[in-house]
Structures are given as C-alpha cells and as structure tokens.
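Coordinate inspection notes
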Amino acid sequence: METLQHYIGGRWAEPAGEDVVAVVNPATEETFAQFHVGGADDVDRAVAGAVAAQPGWAALTVARRVELIHAWADTIAAHAAELAELECREMGKPVGIGQSFIAGAVAGLKAAADQALTYPFTETVTGTDAGTADAGTGPAGGRTDIVRHPLGVTAVITPWNFPVVMVLGALGPLLAAGNTVVVKPSERSPVSTVRLFELAAATGLPPGVLSLVLGDARTGAALTEHEDVQLVHFTGSVGAGRAVGTATGRRLSRSVLELGGKDPVVVDAGVDPVATAQAVAFGAFINTGQICTSMERIYVHERIADEFVEALVAAAGTFAVGDGLDPATMLGPLVDDRQRDTVRRHVEDAVRKGATVRAGGTVPDRPGYFYPATVLTGVDDTMLVMTEETFGPVAPVTVVASFEEGLAHAASSRYGLAATVYTDDPDHIATAARLPVGVVWVNQWQGGGPERLYEPARDSGMGATGARAAYDAATRPAAVHIAATVPAAATAPAADR
Ligand code: NAD
C-alpha cells in the first residue's frame, strides 16, 4: 500500500508523525493508501522552506511567474484523466464528471494567473498632493504611488469534495502575486493532491514555492497558528472556518473563508415545470450532492408543484448509483460512512416529522457508502434537512403560494452562499437579486466567468472571491508619497549649514 509523503522545500519528506490515517475507497471500503499526520514540526519545516523561497519567487517578473504557473497547468491538463481517477478512488466522484471539473479548474488557474499581467501591482494615484503647504505637511504637488507587496508565506487548506479543483482554485492569485504557499489537503482525499505536487515538481516551479503537508484538523490548526503564515485561504465547514478565523484574528493576519451553504431554489409559476425539475435534479444530485452550492432547499409555486415534483422524481430515477469508475454511474458513493450517516439522519428526522419520501430514501444493501437520489415533499423549517447542511443527494421540496413567499423562505437561513431562481418575470428577478447571498443564479445554476466578484453572506464565509479581489487579498498595499521637490539646502537644520 502506498504511503504518501509531505513535499517540503522542493523534496519529498519522510513523514515523522506517529498517527497514521488510512485513505479508503468509498465505493469498495478498501484501504489503498495511508499517510502520517503532519505535526507542528512538519508544519515548521514547510513554512521555513516557504519563507526561504519567497524572496526569490517574488523577485521573478510577473510574466515569468505566470509562465511557470501555465507550464504546471498544462501538465495537469495532460494528466486530467489520471487525476480524475485518483479522485474517484479517494472520494467517489465519477471519473467523467471529475475530468470535466478538472478541465474547468485548469482553465480557471490560467485565467486567474493571467490577471496578474494587468493587476496594478504599482500604480500612481492621480490628482493627489503629497502634502499641502496650508496644512503644514510639506510643499504642494508630488505624487503618491501605491505599491502592492506579496504577503509572504500563505496557506491553503482544502476540503475533500473537489480535491483538485479546490487547490487549483485558490493558488493562481496567491502564487502569481509572488507569495509562496503551503497546502494542507483534506485527510479524506490527499492522493490526487500529492499527484498535483509531483506534476509541479516536474514542471520547474522553484523549490519551496509550493509545499505540501498532509494531515488532519490538528495539522491545519498548526498551520493556521504559525506566526510566519500571513494569510490562510480556507475552504471547508463553518465550524472549522470559525476556528481558522479566530486563530488568524488572534495573530492579526488574514483569512479568506469559503464555508458551507444550504442553498435555496425558488421556482416560479411561469416556468416549464419539467425542464426546470431536470435542472434542479442536476443541481441537487451531481457529485452526490456534495457541493457547497448544491441545491438543498426547493420552494416551488403551487400552480406547477404537482408536475414539477413528478418530473423531479422521474429525474432522480435516472441518477444511476455505482462505482464512479463505471462510465454508466451518475451517482457515486458519499465520501465516507460519517457523511452518509448525516444524510440518513436528516432524511429520517424529516420523515419522523411528517415528510413524504417520493424517491430514494433507503441505504442500498451493498458495500460502499452509497445513498440514492432522494426526493422529499411535505418538508418544513422544523426539519434538519431544511436547516442544516446535508451535503448529500437529497432534494426536499416545499410548496409555496407565491414567488415572494419562496424568496422569504430562501432568505431565512443562517447560511448565505448562493441561491437560484427560475422565473419568467423581470420584476421577480429584480427582487431575487436582493437575497442575502454571495451569488444569485437566474434560470441557470453555476457559471459567471472570471470577472465574477462576490463575498459569501452570513455563516457561509468571509472575504471576497473573484479576480481582482483575490489579488487584493494576496497583496498588502503600501503608499509611497513622493514630494515635488527635494529639500533645498536653505531648509536643512542649522547644525548642518
Ligand atoms: P472540514 O471543515 O471538516 O475540513 C476542511 C479542511 O479543514 C480539511 O483539510 C481539514 O483537515 C481542515 N480542518 C478541520 N478543522 C480545522 C481547524 N480547526 N483548523 C484548520 N484546519 C482544519 O470540511 P470538509 O468536511 O472537508 O468539507 C465539507 C465542507 O466544505 C462543507 O461544509 C462544504 O459546504 C464546504 N465547502 C465550501 C466551499 C465554498 O467554496 N464555500 C467549497 C467546497 C466545500
């Protein structure tokens, strides 16, 4: 069985930690890799390597850094099928689906790195004075430059639901801005990330620019608390995000927190119920519902509710359950038994409180952590499935008397990641745009392009995401005021005359 290693200072490093974690294929329940949990010593070594490498990396031209990132991205693209297969084995995602997401992430990495070529690392602020004679701060005129410095060493901590995508999604601006990065992938899906680092090592990224420490929450905490880590880019659950934000806040350093969601969908009376139900099935079930922006609460107008639910049940039946290595599989297993227990608990709680199971709802009798595409009706806000993140293939439907009632339900959550509405009414689009979430999708789910800018609301996170915002987060602006004139001899102190 393969024992995975850390990658520190440009070398594969023997793991020192005592605790060993098994990586289990969730479709077969077989262990196929293991690693030693990285401790504070491993984190120290990785951060020290990143500190040593950072000045040299920052001294390269922006164009050279972007070129090196592109070279790595091209290598990843050439290995997309292999990476998707590793993801499938470590967390269950069907290979075809994984491959298409990895292709998107590679394009995203390149686009994000390219933004560095036009980002204003140094700009002169026009129309300002370096000082005014009136205010006694110096002669009028001069100029002010804003110089954006890299932060130094940064950390990226990722979850298991998109192992490759989450790492690549965070790295472009951090690296292109001149920071070095220590990555800590999820303990449940480290294998594909290790492969990403082998590809990085083979494509000429200088030693120490990217380091990898394997481990669990303890390793993440050690990284988050390290005094030389200037920013933690964290993607994961609300609870862990709170711990990260608290630790970085204590040290007065930065964190960007991309956390969980309980995303609503509001379906208006005037849309086609069958086509919309098919789109909603995709949004609720793809990746076995394990997406932060999965559709987890569905509010449908009473005028089309019956047809919509029929079509949703029919669509759920098309999500063939199986091992993601089988091309026929649409619905792979959940990542592990713990995650499946959460799903089962939410469904059982809803049924106990009066919900009806219209599709799925039963754990299949076979090895692997499978759960079928499930449709519930008659749900309400007393049920876990409508209030807590389920992160599984469950579509709970509430019938509402109006679009406005649906929006009111949509807004009544402690989460605020994204929301989707299906409507043919321009006034309803305008009202939906005011939902307290980071992203509102109208008549589609996902999408937005590289210029998209948003910040999750409420418990779903902190720190804006998007091209320019990511560079703002990855750099520290400093103002350089340059007076119009050099002090003349007559103004020098008397002692020097
Ligand atoms: P998790 O919070 O359990 O773990 C995420 C990562 O954080 C792992 O690498 C873990 O080892 C590490 N970690 C855990 N506790 C930590 C601590 N105290 N300090 C530092 N690191 C710590 O989350 P998960 O179960 O792996 O992932 C699922 C969650 O991620 C869901 O809530 C999902 O919505 C969220 N998610 C959010 C986004 C987004 O963009 N908003 C994207 C994907 C997933």
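First things first, this report covers the structure right here in the doc.

Rules of the game
Residues numbered from 1 in each chain as written. Predicted model: local features only at pLDDT ≥ 70, side-chain atom pairs only at ≥ 80, totals over all residues. Heavy atoms only, no water. Core = buried A, V, L, I, M, F, W, Y, C linked by side-chain atoms within 4.5 Å. Buried < 20%, exposed > 50% of the residue type's maximum accessible area, 1.4 Å probe, protein only. Helix = DSSP H or I, 4+ residues; strand = E, 2+ residues; numbered from the N terminus. Domains from an automatic or database assignment. Contact = heavy atoms within 4.5 Å. Pairing = 2+ DSSP bridges. Axes fitted to C-alpha atoms, helices over the stretch in contact; angles between N-to-C directions. Expected span 1.5 Å × (residues − 1). 1 Å grid on protein atoms, 1.4 Å probe; cavity = no way out; pocket = protein on both sides within 12 Å on 5 of 7 lines; lining within 4 Å. Points joined across faces, edges and corners; volume = space filled by probe spheres on them. Nonpolar A, V, L, I, M, F, W, Y, C, P; charged D, E, K, R; others polar.

Looking now at the nonpolar core. The biggest cluster of nonpolar side chains holds 94 residues, and the ones touching the most others in it are W72, L210, F285 and L312. The biggest single contributor to this core is helix α5 (residues 163-176), with ten residues. Two domains each donate at least three residues to this core, and these are domain 1 (2-259 + 460-481) and domain 2 (263-442). The residues touching L210, leaving out its near neighbours within four places in the chain, are Y7, W72, L171, L175, V181, V183, F197, A200 and L205. Among the nonpolar cores identified, the runner-up in size contains 23 residues, and A350, Y371, M386 and V400 belong to it.

Turning our attention to the sheet that holds strand β20 (residues 439-442). Strand order in the open sheet made by the seven strands is β15-β16-β17-β14-β13-β19-β20, with mixed pairing throughout. With one partner strand each, in any of the chains shown, β15 (356-359) and β20 form the two edges of the open sheet. Going across the sheet, the axis of each strand differs from the next one's by a mean of 25 degrees, ignoring polarity. Of the strand pairs in this sheet, strand β13 (residues 263-267) and strand β14 (residues 295-301) are connected by five bridges, and their pairing is parallel. Note on β14: the bridge partner recorded for V265 is I298. Against the sheet, helix α9 (residues 273-285) contacts β13, β14, β16 (374-377), β17 (394-400) and β19 (418-422), and its axis sits at roughly 160 degrees relative to β14. Those strands touched by helix α13 (residues 403-411) are β13, β14, β17 and β19, and its axis lies near 160 degrees from that of β14.

When the terminal C-alpha atoms of helix α3 (residues 80-91) are compared, their 16 Å separation across twelve residues agrees well with the 16 Å that a helix rising 1.5 Å per residue should span. Of all the positions in α3, only A80, L83, A84, L86, E87, C88, E90 and M91 are classed as buried. Buried residues along α3 sit against β4 (20-25), β5 (30-36), α2 (62-78), α4 (95-114), α5 and α6 (191-202). Downstream of α3 by one or two residues, G92 has phi in the positive range, about 100 degrees.

Moving on, we get to empty space enclosed by the protein. Taking a probe equal in size to a water molecule and rolling it over the atoms shows the remaining empty space. Applying the stated criterion across every chain yields a total of two cavities of 30 Å³ or more. For the largest cavity, the calculated volume is near 50 Å³. Y7, G10, A200, A201, L205, P206, P207, G208, V209 and L210 together form the lining of the largest cavity. Taken together, the residues that form the lining of the largest cavity break down as eight nonpolar, two polar and no charged. Split into classes, the residues belonging to the lining of the second largest cavity amount to six nonpolar, one polar and one charged.

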